[in-house]
Amino acid sequence: MSRPPVALTIAGSDPSGGAGIQADLKTFSALGAYGTSVVTALTAQNTQGVTGVHVVPTEFVIQQLEIGHGPGGHGPVHHFHQIWSR
């Protein structure tokens, strides 16, 4: 059995599930991809509007990109570097 393609979303979190990382991961799954994510912002929102945003510090966004997770124990940057190198 072959590994599914790996997809990366770099986005904010929408707790209502209609946008951001949550929606991206649902889409990846529906398309048969293994979804990985990097969170850039946390929001307090619902379908009526956004009431708050907490921006994730740049250093932590970079740390998320570099940490090993996903198939093979490598971070998303490793996977995409392999693709871009072909």
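Bear in mind the structure is a predicted one, so any value in this text is a computation, not a measurement. (Residues numbered from 1 in each chain as written. Predicted model: local features only at pLDDT ≥ 70, side-chain atom pairs only at ≥ 80, totals over all residues. Heavy atoms only, no water.)

Colleague: Give a detailed account of the environment of P57, specifying residues and quantitative values.
Modeller: With respect to the secondary-structure elements, P57 resides in the loop between β3 (49-55) and α2 (58-66). Along the sequence, P57 and A41 sit 16 residues apart, while their C-alpha atoms lie 8.8 Å from each other. (Helix = DSSP H or I, 4+ residues; strand = E, 2+ residues; numbered from the N terminus.)

Colleague: Can you lay out helix α1 (residues 20-30) for me, pointing to particular residues and giving the numbers?
Modeller: Burial in α1 covers these residues: I21, A23 and F28. Down the axis of α1, the smallest arc covering the buried residues is 165°, so these residues share one side. For α1, exposure combined with an orientation more than 90 degrees from the buried face picks out K26, S29 and A30. Residues of α1 that are buried sit in contact with β1 (6-13) and β2 (34-46). (Buried < 20%, exposed > 50% of the residue type's maximum accessible area, 1.4 Å probe, protein only. Arc of directions from axis to C-beta. Contact = heavy atoms within 4.5 Å.)

Colleague: Just give me the short version of the sheet that holds β3, but keep the residues and values in it.
Modeller: Taken together, three strands build an open sheet; the order of strands is β1-β2-β3 and the sheet is mixed. If you trace the sheet from one side to the other, it starts and ends with β1 and β3, each paired once. Pairwise comparison of adjacent strand axes, ignoring direction, gives a mean angle of 35° for this sheet. When β2 meets β3, the two strands line up antiparallel, connected through six bridges. (Pairing = 2+ DSSP bridges. Axes fitted to C-alpha atoms, helices over the stretch in contact; angles between N-to-C directions.)

Colleague: Please set out the confidence of the model for the protein residue by residue, giving values where relevant.
Modeller: Across the protein, the average pLDDT comes to 83, with 78% of residues at 70 or higher. Per-element confidence in the protein is highest for α1, whose mean pLDDT is 96, and lowest for helix α3 (residues 76-84), whose mean pLDDT is 55. (pLDDT = per-residue confidence, 0-100.)

Colleague: Lay out α2 with the relevant residues and their values.
Modeller: Within the span of α2, buried status applies to V61, Q64 and L65. All buried residues of α2 fall inside an arc of 100° around its axis, so they share one side. Turned more than 90 degrees from where α2 packs its buried face, E59 and E66 sit exposed.

Colleague: Talk me through the pairing of β3; I want residue IDs and the actual numbers.
Modeller: Where burial is concerned, little of β3 is hidden: zero out of the seven residues are buried. Where β2 folds back onto β3 in an antiparallel hairpin, the turn is made up of two residues.

Colleague: Residue-level account of the pairing of β1, with values.
Modeller: Sheet topology places β1 next to β2; eight bridges connect them, and they run parallel. Residue pairing in the sheet places A7 in a bridge with G35 of β2. Between β1 and its parallel partner β2, the chain crosses via α1, and the hand of that crossover is right-handed. (Right-handed = clockwise from strand over helix to strand, strands pointing away.)

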